[in-house]
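Listed below are the residues making up each chain.
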Amino acid sequence: MTSLAFLAPVQVKTSNVVHDINTVREALVFLNQWPKARRGPISSCAVRGCNAAIAGQMPTEQARQAFVSFAETAGVLAKSDFPPLAGADQKLSVSGRSP
């Protein structure tokens, strides 16, 4: 049986409380509790992704990414899901050399 645990939790913030979403099933519970008036194509896509992962038709991490996309779009992603690039604070000239 394929594990439904995420490699890294997705942190979402609702009502000033941060929740760690650790599995596909937890993501699906969160999505099913999302207010119906705020649901749309991205939340529907995340629900389909979670259901596909539970059915073994999609990798867990692909379902996680669908959930992250939903959380980011909905404005509930607690922190960036990706670390900043090393050296991103350095400016490069057009030629690609450091100033």
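Structure's up top.
Residues numbered from 1 in each chain as written. Predicted model: local features only at pLDDT ≥ 70, side-chain atom pairs only at ≥ 80, totals over all residues. Heavy atoms only, no water.

Some points on the pairing of strand β2 (residues 17-23)
Note: strand β1 (residues 5-14) against β2, six bridges, orientation antiparallel. Residue V10 lies in a different strand from β2, and its bridge partner there is I21. Linkage of β1 to β2, two consecutive antiparallel strands, is achieved through a turn of two residues, within which S15 is found at a positive phi near 50°. (Pairing = 2+ DSSP bridges. Helix = DSSP H or I, 4+ residues; strand = E, 2+ residues; numbered from the N terminus.)

Quick look at the pattern of salt bridges
With the rule as written, the count across this model stands at one salt bridge. Across the pair R64 and E61 runs a salt bridge whose closest N-O atoms are separated by 3.9 Å. In this pair, R64 and E61 are both assigned in helix α3 (residues 60-74), three residues apart and thus about one turn of the helix distant. For E61, a relative accessible area of 29% gives the class partly exposed. (Salt bridge = Lys/Arg side-chain N within 4 Å of Asp/Glu carboxyl O. Buried < 20%, exposed > 50% of the residue type's maximum accessible area, 1.4 Å probe, protein only.)

Looking at the packing of aromatic side chains
Evaluated as defined, the whole model comprises five aromatic pairs. Ring plane angle 65° and centroid distance 6.3 Å describe the contact between F30 and F70, whose orientation is recorded as edge-to-face. Of this pair, F30 sits in helix α1 (residues 24-33) while F70 sits in helix α3, and the two are 40 residues apart along the sequence. Taking the centre distance of 5.2 Å and the plane angle of 90° together, the rings of W34 and F70 count as edge-to-face. (Phe/Tyr/Trp six-rings, centres within 6.5 Å; stacked < 30°, edge-to-face > 60°.)

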